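So the chains spell out like this:
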Amino acid sequence: MTTDTAQRRKERIDRGIKVRSDGIYALLSWRELAYLSVPRLVLILGILALPLLMPGMYWQRVISIVCIYAFLAMSFDFLAHYVGLVSLGGAFFVGTGGYIAALLNTTFGLPPLVTIPAALILGAAVCTLLLIPCLPLRGVYFAIVTLMYPLFMARLIEALDIFGGTDGILGIDSFTNPWVEQYFVVVMVLVLLFGLRRLVNTDLGLVLRAVKDNDQAVRASGMNVTRYKALAVFIAAGMGCLSGACLVHTYMWAGISQFALDFSVLPIAATVIGGSGTLVGPVLGCLILVPASELLRDFGTLRIVFYSLILVTFIVFRSEGLMVYGQRKYHQFQRWTEI
Amino acid sequence: MLEASELMVFYENMLALNNVTIRCGEQRIVGVFGANSAGKSTLMYALSGILLDIQKKEVMAGGERITIAGSIRFMDRDIMDLKPSRRAKMGIVLCPERRRIFNESTVLENLKIGGYLASATQKKDTLDYIFTIFPALAKLRNRLGGFLSGGEQQMLAIGRALMAQPKILLLDEPLMGLSPLMQTILMRATLEIRRQRKIAIIVTEQYARPVMPIVDYAFILENGSAVLEGTRKALMDNPDVKAAYFGV
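Residues numbered from 1 in each chain as written. Chains lettered and ligands numbered in written order. Predicted model: local features only at pLDDT ≥ 70, side-chain atom pairs only at ≥ 80, totals over all residues.

Trainee: I'm lost on the overall build of chain B in this one. Help?
Mentor: Scanning chain B from terminus to terminus reveals 10 helices and 10 strands. Projected onto its principal axes, the C-alpha coordinates of chain B cover approximately 45 × 45 × 35 Å. By the burial criterion, 42% of the 248 residues in chain B qualify as buried. Within chain B, residue pairs in contact and separated by at least 24 positions form 70% of the contacts whose partners lie at least 6 positions apart. (Helix = DSSP H or I, 4+ residues; strand = E, 2+ residues; numbered from the N terminus. Buried ≥ 20, exposed ≤ 12 C-beta atoms within 10 Å, placed from the backbone. Contact = placed C-beta atoms within 7 Å.)

Structure below.
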């Protein structure tokens with residue numbers, strides 16, 4: 001090139017291993033196997049080891065809460081970035097799942113290991129049925145409608161004084177032993193995480209992403225968009241209900257506060273911090289936000305101020321999200337080149 | 001008047017503009033022709049400064065890294081690092097590809113938005129001028145922008161750009177998707193605008209035939225490089241150009 005201006009630019013180049021390992025056939029050495037598996041192993045072993053590393057019951061309980069929020073955050077990420085439904089109804093899923101698990105446990109005396117799967121399936125079905133009328137909506141309208149559902153349910157329970165009314169349902173069985181509780185949620189996080197990653201790469205995931213990009217084109221290809229959206233909502237609601245059910249068995253109490261908006265908002269913040277559309281990002285976001293919120297308890301009322309500051313800093317300076325940034329650094333290197 | 005020299009634009013590692021030098025003199029109409037992905041729109045974005053805006057957005061979203069090198073001079077001033085809004089104030093106004101009409105505003109409102117930089121008398125004057133040069137718009141002045149036909153929208157887009165009182169008007173693919181009749185009307189209007197408003201115009205287009213008769217000078221882009229340039233006559237006589245851009 002015949003430029004006399006001595007200008008430089010930074011170029012990004014995929015690492016050689018990344019280029020070769022994009023096709024699984026091209027793995028040549030242990031080094032390349034490690035390149036692919038080490039990040040995943042670090043994640044799996046790290047999450048599995050978390051309960052063991054925590055000092056004392058209090059922090060172990062925090063880890064359970066982290067995992068419970070992680071279900072919600074993954075379900076939000078899945079719905080928002082792979083189906084295009086921005087749902088503020090996390091609290092609706094948590095509340096429905098929680099109340100179903102609580103009722104099954106107190107009325108029929110079923111143990112947690114039965115009520116949790118039952119709440120997952122039943123709750124997902126109930127949530128999907130109630131949300132079906134809203135599925136043709138898109139964007140902010142869907143967000144508004146799903147925001148109304150938890151408020152609606154909470155007031156309904158309060159006004160009709162059903163399911164224990166404002167007192168909630170007391171005397172729910174806890175897990176038989178704290179380690180069962182810990183490892184149940186931790187393993188579920190990993191199962192759901194890798195399951196969802198598989199799902200979004202199957203043909204079904206392809207259709208869902210297409211629905212997000214251009215639902216008219218999907219309709220023109222002869223597919224029923226509402227059916228696919230309902231299916232996606234069923235999956236996401238199932239994850240939300242799972243977190244609700246785990247929550248009531250952890251707290252041994254179900255009440256209106258399970259419909260509180262925290263369950264809708266915190267997962268979104270976690271997704272933004274962790275990196276939207278990565279599915280791992282939301283888990284990472286929860287791992288940062290929930291303990292941060294606990295650590296900030298010492299500051300009393302100022303807690304929310306610091307919490308907001310953390311969020312603002314992340315969004316202004318790293319709006320792409322930690323995982324997106326990390327993945328780029330891992331897969332690519334940079335160097336200066338002369339133009 | 002406007003001179004871009006040795007302009008290079010990288011989208012990540014892909015070279016979108018390779019060492020392009022183009023000039024446009026006072027009251028000239030300059031054509032830029034090239035196929036898809038030749039770099040026409042990138043050139044327009046670079047000249048109008050929109051590229052700086054896109055660059056910033058990509059950085060925020062962690063997307064592609066856009067690198068711009070070279071120099072752009074306008075009326076003897078280096079404007080390479082000037083924001084798009086400052087460039088518009090200086091008189092470089094872009095009429096974007098796909099028209100980008102404000103769909104939910106009426107024709108009149110669209111034009112008024114375009115006149116943000118103009119004084120009250122300039123605004124009134126230009127508005128009258130637009131309605132004389134595009135009589136079709138005068139009848140539709142209270143219709144929503146989104147309900148106009150493609151040709152009417154293009155007229156509106158050019159009118160909106162004129163409201164900003166350009167010294168040099170950048171038209172990015174003004175004829176895209178329009179009927180041959182509408183193309184002729186628009187090109188005739190472009191010629192009139194140059195004559196009556198005394199401004200310079202740069203037009204990009206894929207298909208050169210409707211645009212060629214009105215340009216004074218033209219550049220041909222291929223894969224990001226300016227492979228050929230010349231006056232209208234020189235290019236019209238070039239057999240390669242004839243084959244590639246006139247379909248002869």
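Let us keep going from here.
Trainee: Got a minute to help me understand the confidence of the model for chain A in this structure?
Mentor: Looking at chain A as a whole, the pLDDT averages 88, with 96% of positions reaching at least 70. Confidence drops under a pLDDT of 50 for residues 1-5 of chain A, and excluding neighbours within four residues, the segment shows 6 contacts in the predicted structure. (pLDDT = per-residue confidence, 0-100.)

Trainee: Is there a simple way to think about the interface of chain B and chain A in this case?
Mentor: For interface size, the figure often reported is the accessible area lost on association. The partner chain A presents 14 residues to the 12 residues of chain B that form the contact. Ranked by residues supplied to the side of chain B that touches chain A, first place goes to strand S1 (residues 2-11) of chain B with 3 residues. In terms of residue class, the side of chain B that touches chain A is built from 5 nonpolar, 4 polar and 3 charged. (Nonpolar A, V, L, I, M, F, W, Y, C, P; charged D, E, K, R; others polar.)

Trainee: Even after reading the chapter, I still don't get the sheet that holds strand S3 (residues 29-33) of chain B, so can you show me in this structure?
Mentor: Consider a sheet: its strands pair through backbone hydrogen bonds, and that pairing is either parallel or antiparallel. Residue and element names in this part refer to chain B. Strand order across the open sheet formed by 6 strands is S6-S7-S8-S3-S9-S10, with mixed pairing between neighbours. Sheet topology places strand S6 (92-95) and strand S10 (225-231) at the edges, where each strand pairs with a single neighbour. For this sheet, the mean angle separating the axes of adjacent strands, direction not counted, is 15°. In the sheet, S3 pairs with strand S9 (residues 217-222) via 4 bridges, with the strands oriented parallel. (Pairing = 2+ DSSP bridges. Axes fitted to C-alpha atoms, helices over the stretch in contact; angles between N-to-C directions.)

Trainee: How do you make sense of the environment of Phe147(B) when you look at a structure like this?
Mentor: All names here are of chain B. Looking at the element boundaries, phenylalanine 147 is found in the loop between helix H6 (135-139) and helix H7 (150-163). Phenylalanine 147 sits in the exposed class, given 12 other C-beta atoms within 10 Å. Along the sequence, phenylalanine 147 and threonine 106 sit 41 residues apart, while their C-alpha atoms lie 9.2 Å from each other.

Trainee: Could you clarify how one ought to interpret the environment of Met236(B) in this entry?
Mentor: Following the sequence through the fold, Met236(B) ends up in helix H9 (residues 232-237). With 15 C-beta atoms packed within 10 Å, Met236(B) lands in the partly exposed category.

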